[in-house]
Amino acid sequence: MSEVQIDAEAFHRRARRLLDSIKSGKTAAGETFDSLLVIQGRSDEKNPYTKTIATQVHSYYVVMWLLGYEFPNTLMLATKAKLYVVASPKKAKILEAIQSTSDGVSLEILVYGKEADKNKDMFNGLISTLQSSGRTIGTISNDTTGGKFVDEWLAAFAPSKASFSEADFGPTLSRVLATKEESEIKYEKTASSLCSAVMRDYFIEEMASTFDQEKSITNEKMADRVAAVLTNDKLAKRLFSKVPMLDMAEWSAQPLVMSGGQYDLSPDAESSTAQLHAGTVVCTLSMRYFMYNATISRTFMIDPSPEQDKNYSFLLELQKQVLGWMKPGESMDSLYAKAANHVKEKRPDLVGNFVADCGSVTGIEMSDGIHTIAPGSTGTLKASMVVALRVGLQNMTNAKATDNLAKTYAYQLIDTVVVKDDSTPDVLTSCSKEPNDVSFFFNDDEPAPSGKKDAERKAKPEVTREENGSAARPATRKSAILPSKFRSEERDDESSTRKQREHQKELLNRLNAEGRRRFAGEEGDDGEEMRVVKKFESYKRETALPREARSCKILVDENADTLILPIYGMAVPFHISTLKNISKNDEGEYVYLRLNLVSPGQGVGKKDGLPVDDPGNTFLRSLTFRSTDVGRMNEIYQSITALKRDQVKRETEKAQMADIVQQDRLTVTAGLRPTRLPDVFMRPVAEGKRFPSALEIHSNGLRYMAAGRGASSAVDILFNNIRHLFFQPCENELLVLIHVHLRNPIMLGKKKIQDIQFYREASDASFDETGNRRRRIRYGDEDEIEAEQEERRRRRQLNKEFKEFAGKIAEASRHEVEVDTPFRELAFNGVPARSNVLLQPTVDCLVHLSDTPFFITTVADVELVHLERVQFGLKNFDTVFVFKDFKRAPVHVNTVPMTQLDNVKGWLNSVNLPFTEGPVNLNWTQIMKTINKDPAGFYEDGGWAFLALDSDAEGDDSEEEESEFSVSEDEFEESESESSGGSDFGTESDDSEGGDDDEESGEDWDELEAKAVAYDEKRTHPAESPPDRSSAKRARKR
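Residues numbered from 1 in each chain as written. Predicted model: local features only at pLDDT ≥ 70, side-chain atom pairs only at ≥ 80, totals over all residues. Heavy atoms only, no water.

- The name an unreviewed UniProt entry gives the protein is FACT complex subunit, with Coemansia thaxteri as the organism.
- UniProt, in its Subunit (unreviewed entry) section for the protein, records the words "Component of the FACT complex." (UniProt positions renumbered as here; feature names shortened; annotations may be inferred.)

Structure below.
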């Protein structure tokens, strides 16, 4: 207890709120309270925080809220003006440190010792204080604390108890505890991050692995595994590496796992002993940090039906609606009524399945019984309230389910949120609940087209079934030759390849089905931007023409971007945008100027599809002027050329700036020095020579002071504009870096950029390996070893510094931005731009960050990956990433080594990206143009299945090659008869006579090859007669 330090400022602030609540609180009969009596008995070491305590107001809360620690055997008496605390001598000594505060509440500390008589006199003095304060005492009616200390107080209070009126102070105390301070919200955020990490990084992986490997485990055992995370040092270090004082984290309630048709969405539900079933799984986790609770619940669907997908999507949409309605001043009764009415309006068939409440306020109390979002609730939402928001549907029936355990199912979503003053609540728990992220597909059985059933039945080998119904290996083997020494190795390879092929088939089918839904009823647009008729206005009225136009000369009006040309004695203005090009020719004494104008129908070219406002219009294509004034014509030519050049430059800059979005202002951290990462360089360089500077973390973004010669400019990056944040350590690299990939480009000087990198070189350039004194005196390798050790230490320090700073960026953004790190063990080489680089996968992307130009492709944006030039004999293949946005050009990564083909396929399969392969390069420009013309028709005709034909053909070819070696009996007998029909041997004279003929008339290999080529050409082009190349060969030979 000697190390306990109580926050005096927080204690007096909260004690003042408690005393004020005594003045303003009302009993159930409408009377005012005169005092509040809170007594905390002995500590329950076995179960100090039961579910009953967590869901009801308890004296335990008051002590924890005021002092921040558990103080057993403590009594608190609060009047309207003073606070009395009775505690043991050690606790009293701790409390004395917060007693002498000038602007705090009046605090009197009484010592409870071992002498019973002195304790009785002290208790009698407190009773006298109660009598002088008034007869109405506020107590906590559900309090069940006990122990020797409590018994002594009850014995002393019993004679006077009849003269007092005890009333339940629980509702008033709930209103006090409901509104959180900033420090309390900080604990809530940490508790929420703990729940989210367990759900996101442990339970989902454990559940998916269990179903994938067909393991058998009960719901209760799965819940026990999750609960053991906190006691497993290895897991805790992986999941909670950024949480300080992890020993203050505990489970508020045992983790809850429900599946197999047994779903109880009430607060006191428990995991059943039934087997974990691969249908609908509901998991609820509640944890607390420094006694502040947070809850998260997610529903996971395995092989869901379309109806189940529809119901889940509606529940997700309902939660977003409820979040939008949660504003300060909204009564909890009306909030539930809005949610229930929304269900009634949108999905009347689910009214009976909607849960009875939508959560409650949480904090030190796991669930506040007063502030519950339910019918008849008297609570009202206020700013800084932390709510465990719940939406759920229960007792739903899946009529199409063939498994009895999957016929009944339920959905539940719980997130911990903070009510804000003027915006939607902040969601503290972070685990994706989108349908694509909570749906798992393990059932690979899909109905084949009726016309192909018999063929597929013949092609597929017979598959035996184990007792548990799972698919076993094929019953018969196609060949007696084993590809490996051990049958176990062959079985593993075949199994992994088969699983990958089946998974890819499932992904491709799902992709085509999703494409049909996405583009149903939509029309294409030729894959090009819609062109509109541009109208240019040089002058609004005729009087705006310059005076020089009256002279009927060629004029260049730079202010109006207009050419004024004389036509039939009239000055006709032409906007510079209507000019296509200009040419000048000298012929004799004349100089000719030819002006070609933009008009539709000018032959093949990009302007051929120029839109026409009125097809009946007549267009002027070109104008030619001649003059003998060479100087004047040269001047006009130069002026028009310069004006056109400037106009093209402006249009180009305008097109480049089209996707620039105006950022919000950076909110600079006031009062405190911002967190800084000093001495880092930025790429790309703003302007001039590069100088190191500091990267700072502010309230809503980052700021880098780009230093230069005599001046510095700030580069601001807002959190809401960061799409990806990467940290790449300096292991096997020259740089340690933090890379920011933006959602929308920003301007850096005059350049538009979407990637900004902050780095520091791992090697120390200032270290002189040859000129230091130790190098001259000492001989041997000791100094080199020491230098290597120093470099390794420096690299570790750099990695630690940058990684911690990246983590602080994620925390400052409230985890809107998450740190992603490349996996070097999954990397492969390729050429995305000009040079061969190392491409490294991350959780969400495929990146190259070590050098410019940077390469970043987001996995979520990719529709399909096609592997080109995959054929025997080639050393490299190409990779094409086709994006979901068909307007976006596919990205090519060329010259990937063929030795890394399996690694690339394995990574693509692991991130659920469908891939196909083919032997040749495709014209993707024409393919995407065709798809954009009619995307709905493209998917109706099979979608991407045309690419999969090449992949399937490889497997078919291998089977055909095996079948070519089978020879029928008739063919075998025929070959025998042919071989026996003639003599295999001749006489010596025959051999000698034939030798001279071979020397004169025999053909060498070149001639035979030429004949073979000629024969092939003749078969390919029968109408043409190939030249006789063999005759030329023989002529040269002679």
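A look at a nonpolar patch on the surface
Then, number 1: Together, F823, L826 and V843 make up a nonpolar patch on the protein surface, roughly 250 Å² of accessible area in all.
Then, number 2: With respect to the element layout, L826 can be found in the loop between β31 (819-820) and β32 (828-830). (Patch = residues over 30% accessible without salt bridge, like charges linked within 9 Å, V, L, I, M, F, W, Y side chains within 5 Å. Areas by Shrake-Rupley, 256 points an atom, 1.4 Å probe, with all protein chains shown as cover. Salt bridge = Lys/Arg side-chain N within 4 Å of Asp/Glu carboxyl O. Helix = DSSP H or I, 4+ residues; strand = E, 2+ residues; numbered from the N terminus.)

Points about the sheet that holds strand β21 (residues 579-587)
Then, number 1: Across the sheet, which stays open at both edges, the three strands sit in the order β21-β22-β23 with antiparallel pairing between neighbours. Of all the strands in the sheet, just β21 and β23 (622-627) have a single pairing partner and so form its edges. Within the sheet, the average angular offset between the axes of one strand and its neighbour, ignoring direction, is 15°. (Pairing = 2+ DSSP bridges. Axes fitted to C-alpha atoms, helices over the stretch in contact; angles between N-to-C directions.)

So, the packing of aromatic side chains
Then, number 1: Under the defined criterion, the tally for this structure stands at 27 aromatic pairs.
Then, number 2: Taking the centre distance of 5.8 Å and the plane angle of 45° together, the rings of F203 and F300 count as tilted. Note that F203 is positioned in helix α8 (residues 182-212) and F300 in strand β10 (residues 292-302), a separation of 97 residues in sequence.
Then, number 3: The exposure class assigned to F300 is buried, which follows from its relative accessible area of 0%. (Phe/Tyr/Trp six-rings, centres within 6.5 Å; stacked < 30°, edge-to-face > 60°. Buried < 20%, exposed > 50% of the residue type's maximum accessible area, 1.4 Å probe, protein only.)

Some words on a negative patch on the surface
Then, number 1: Among the surface-exposed residues, E220, D224, D264, D268 and E270 lie close enough to one another that they form a single negatively charged patch.
Then, number 2: Relative accessible area serves as the criterion here: at 38%, D264 is assigned to the partly exposed category. (Lys, Arg positive; Asp, Glu negative; His and termini not counted. Charge placed at Lys NZ, Arg CZ, Asp CG, Glu CD.)

Digging into the confidence of the model for the protein
Then, number 1: The predicted model of the protein has a mean per-residue pLDDT of 80, with 79% of residues at 70 or higher.
Then, number 2: The spread of mean pLDDT over the elements of the protein runs between strand β16 (residues 463-465), the lowest at 34, and strand β37 (residues 876-883), the highest at 96.
Then, number 3: Contacts of residues 444-488 to residues separated by more than four positions or lying in other chains number 31 contacts, the stretch itself having pLDDT below 50.
Then, number 4: Contacts of residues 954-1001 to residues separated by more than four positions or lying in other chains number six contacts, the stretch itself having pLDDT below 50. (pLDDT = per-residue confidence, 0-100. Contact = heavy atoms within 4.5 Å.)

Concerning the nonpolar core
Then, number 1: Counting residues in hydrophobic clusters, the biggest one holds 80 residues, and the most contacted among them are F203, F240, V281, F300, M326 and F354.
Then, number 2: Ranked by residue count, the leading element in this core is α8, at twelve residues.
Then, number 3: Residues in contact with F354, not counting those within four places in the same chain, are L318, Y336, A339, A340, V343, G392, L393 and Q394.
Then, number 4: Ranked by size, the runner-up nonpolar core spans 40 residues in total, among them V62, V85, L95 and I109. (Core = buried A, V, L, I, M, F, W, Y, C linked by side-chain atoms within 4.5 Å.)

Notes on unusual backbone geometry
Then, number 1: Here R683 and P684 are connected by a cis peptide whose omega angle stands at -5°.
Then, number 2: Among the secondary structure elements, P684 is positioned in the loop between β24 (675-683) and β25 (693-697).
Then, number 3: In this structure, the amide linkage connecting T852 to the following residue, P853, adopts the cis form with an omega of -5°.
Then, number 4: Within the secondary structure, P853 is located in the loop between β34 (845-848) and β35 (855-858).
Then, number 5: Phi angles above zero are rare outside glycine, and N395 is one such case at about 55°.
Then, number 6: Tracing the chain through its elements places N395 in strand β12 (residues 386-397).
Then, number 7: Owing to a relative accessible area of 57%, N395 belongs among the exposed residues under this scheme.
Then, number 8: Phi angles above zero are rare outside glycine, and N912 is one such case at about 60°.

Side note on the pairing of strand β33 (residues 837-841)
Then, number 1: Counting buried positions along β33 gives four out of five residues, so the element sits mostly inside the fold.
Then, number 2: The pairing of β32 with β33 spans three bridges and is antiparallel. The partner of G830 across the bridge, within β33, is V837.
Then, number 3: Turn length for the β32-β33 hairpin, with the two strands adjacent in sequence and antiparallel, is six residues.
Then, number 4: Relative to β34, β33 is paired through two bridges, and the arrangement is antiparallel. Within β34, the residue paired with P841 across the bridge is L846.
Then, number 5: Hairpin connection of β33 to β34: three residues between the antiparallel strands.

What about the pairing of strand β29 (residues 735-748)?
Note on strand geometry: in a regular strand, side chains alternate between the two faces of the sheet.
Then, number 1: Counting buried positions over the 14 residues of β29 gives eleven, a clear majority of the element.
Then, number 2: Pairing between strand β28 (residues 722-728) and β29: six bridges, direction antiparallel. Directly across from H724, in β29, lies its bridge partner H741.
Then, number 3: Counted between consecutive antiparallel strands, the loop separating β28 from β29 contains six residues, among which N732 sits at a positive phi close to 60°.
Then, number 4: Across ten bridges, β29 lies against strand β30 (residues 751-761) in antiparallel orientation. Bridging across to β30, H741 finds its partner in D755.
Then, number 5: Joining the antiparallel neighbours β29 and β30 is a turn of two residues, in which G749 adopts a positive phi near 70°.

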